[in-house]
Amino acid sequence: MRIFSGIQPTGAIHIGNYAGAIQNWVRLQDEHECIFCICDYHALTTVNDGERLRRQVYEAALDLLACGLDPEKCRLFVQSQVPEHTELAWILSCCASIGELNRMTQFKEKSERSEFINAGLFTYPILMAADILLYKAELVPVGEDQLQHLEVARVFARHFNKVFGQTFPEPQSRLTAATRVMALNDPLKKMSKSIAGSTIMLTDSDDVIRRQIKRAVTDTGAQSGTMSPGVANLFNLLKIFSSPETVAHFEEQYNSGALRYGDLKKVLGDDMVAKLSVIRERRQELAQKPEMVEAILSSSAKQVRKMARQTLDEVRDKVGYSPIYSI
Ligand code: AQP
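Since the structure is predicted, the reported quantities are computational estimates derived from the model, not experimental observations. In this convention, every chain numbers its residues from 1, walking through the sequence in written order. This being a predicted model, a pLDDT of at least 70 is required before a residue's local features are given, and a value of 80 or more before pairs of side-chain atoms are given or counted; all residues contribute to the totals for chains, interfaces and linings. Only hydrogens and water are removed before side-chain values are computed, so all heavy atoms of the structure are retained for them.

Caption draft 1: Representation of the overall build of the protein in the model. Here a strand is any run of E in DSSP of at least two residues, a helix any run of H or I of at least four, and the numbering for each starts at the N terminus. A tally of helices and strands in the protein yields 13 helices and five strands. A radius of gyration in this sense is built from C-alpha atoms; the matching globule rule multiplies 2.2 Å by the number of residues raised to 0.38. Against the compact-globule benchmark of 20 Å for 327 residues, the protein has a radius of gyration of 21 Å, which places it among compact chains. In this scheme, a residue with accessible area under 20% of its type's maximum is buried, one over 50% is exposed, and one in between is partly exposed, where area comes from a 1.4 Å probe on protein chains only. Expressed as a percentage of the 327 residues in the protein, the buried residues total 51%. Taking as baseline every contact in the protein between residues at least 6 positions apart, the subset at least 24 positions apart corresponds to 75%. Areas reported here follow the Shrake-Rupley algorithm with a probe of radius 1.4 Å; residue values treat only the protein chains shown as occluding. Accessible surface for the protein amounts to roughly 15,300 Å². Of this, 50% is attributable to carbon and sulfur atoms. His is not counted here, nor are the chain ends, while Lys and Arg score as positive and Asp and Glu score as negative. Throughout, a charge is located at the NZ atom of Lys, the CZ atom of Arg, the CG atom of Asp or the CD atom of Glu. Both charge centroids of the protein, one from 39 positive and one from 40 negative side chains, sit 1 Å from each other. Contacts: residue pairs with any heavy atoms within 4.5 Å of one another.

Caption draft 2: Structural context of the pairing of strand β1 (residues 2-7). Any two strands with at least two DSSP-identified bridges between them are counted as paired. When β1 meets strand β2 (residues 33-38), the two strands line up parallel, connected through six bridges. Bridged to Ser-5 within β2 is Phe-36.

Caption draft 3: Looking closely at unusual backbone geometry. At Lys-136, a position not held by glycine, the phi torsion is positive, near 50°. Overall, the relative accessible area of 25% leaves Lys-136 in the partly exposed class.

Caption draft 4: Structural detail: helix α4 (residues 84-93). With seven of its 10 residues buried, α4 lies for the most part within the structure. Inspection of α4 places Glu-84, His-85, Glu-87, Leu-88, Ala-89, Ile-91 and Leu-92 among the buried residues, and these make up the whole buried set. Where α4 is buried, its residues contact α2 (40-43), β3 (74-78), α7 (119-133), α8 (147-164) and α13 (290-319).

Caption draft 5: Structural view of the layout of surface pockets. There is about 1,100 Å³ of room inside the largest pocket. Cavity and pocket criteria rest on a 1 Å grid covering protein atoms alone: a 1.4 Å probe that fits but cannot get out defines a cavity, protein on both sides within 12 Å along at least 5 of 7 lines defines an open pocket, and an atom within 4 Å of a point defines a lining residue. Lining the largest pocket we find 49 residues, and of these Gln-8, Gln-106, Lys-110, Gln-146 and Lys-190 sit closest to its centre. Among the secondary structure elements, those contributing two or more residues to the lining of the largest pocket are β1, α1 (15-28), α6 (105-113), α7, β4 (139-141) and α8. Looking at the lining of the largest pocket residue by residue, the classes come out as 17 nonpolar, 23 polar and nine charged. Grid points are joined across faces, edges and corners, and a volume is the space filled by probe spheres set on the points. Each residue receives one of three labels: charged for Asp, Glu, Lys and Arg, nonpolar for Ala, Val, Leu, Ile, Met, Phe, Trp, Tyr, Cys and Pro, and polar for the others, Gly being one of them.

Caption draft 6: Just the side chain of Thr-167, in detail. Within the secondary structure layout, Thr-167 lies in the loop between α8 and β5 (172-174). According to the relative accessible area criterion, Thr-167 is buried, its value standing at 6%. Polar contacts involving the side chain of Thr-167 include one to the main-chain carbonyl oxygen of Gly-165, which spans 2.8 Å. Polar contacts, as used here, are pairs of N or O atoms within 3.5 Å; protein pairs need one atom able to donate a hydrogen and one able to accept it. Residues neighboring in sequence count only if both atoms are side-chain atoms. Reaching out from Thr-167, the side chain makes a polar contact with the side chain of Lys-318 at a distance of 2.9 Å. Leaving out residues up to four positions away in the same chain, Thr-167 has contacts with Lys-136, Phe-160, Asn-161, Glu-314, Val-315 and Lys-318.

Caption draft 7: A look at empty space enclosed by the protein. Taken as a whole, this structure holds one cavity of 30 Å³ or more when the rule is applied. Of the pockets and cavities examined, the largest cavity occupies roughly 50 Å³. Lining the largest cavity, in full, are Met-104, Gln-106, Phe-107, Lys-110, Leu-121, Phe-122, Tyr-124, Pro-125 and His-149. Among the secondary structure elements, those contributing two or more residues to the lining of the largest cavity are α6 and α7. Of the residues forming the lining of the largest cavity, the biggest block, four residues, is contributed by α7. Among the residues forming the lining of the largest cavity, the class breakdown is six nonpolar, two polar and one charged.

Structure (structure tokens):
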């Protein structure tokens, strides 16, 4: 099975990205052919500073390698090193209806937060479909927020196949147990790089991690008898970072009405520090070897570009353009 997934270098990678996607990537690289992408074309929808974007691409590579992506087992490349993504996106944009794009909730959420709503934000799902279909990937490990985009990627693939002949598999999603980690300062919203104070970053110090957990909103006026979103979020995080015994212990306390949020937060903070400090140390080691990181990215880009060009020649031929990559 071929797997594709990506992450935007729009800021430091956080525990939502880790729990919702990256943890899964690390597991899947042992079982499947995996292609992982640092999506800097997508990032241009929100980052307008060349130096910053370049730095964040490198930082994302460090984070991903430190989390356990192994260049011996998977390909990790930077999207703009394979410009074929944009060509396929154009072709797919002619298979995508405005009606489908109008339904996208992420566009609605993100455009509410922007003063200047660029067209790239609107057509984002087309580029995402191109990312996946360029490699004819069958499985896409993502967090819940990306399910709608994946659903339209299948619609675009189906449309292309119907009009031009069978070409693309319809990619399926693979969720982790922690499908949606919520903002620590506003548990009704998704934890996001672009929402200040909502995250814990993989690079945060032990003190910051503990402080952020301590400050996490718990009671948000939920009706009595139901778990408030903030507490549900803490339990969600406990399932990612703590042992099943710890989770069972606090669930029992919650059910008996004896749970003290301070106790739960203390244990969660300690368990998170234990796990994230290992990633942080590995990251510091990698940061000493920038040439090695660059070499991993460029070798992966060379390998995946061959696949991309093969697909694109097939697509070009079907839509009526001359193949140019293999000649
Ligand atoms: N809060 C989350 N919970 C679970 N999974 C999440 N993902 C993102 N946030 C959460 C998953 O992480 C992968 C990479 O996401 P991305 O960075 O490419 O895009 P995003 O979903 O837009 O992430 P952010 O943090 O919200 O970035 P900004 O603020 O720049 O838009 C995806 O698989 C995603 O599902």
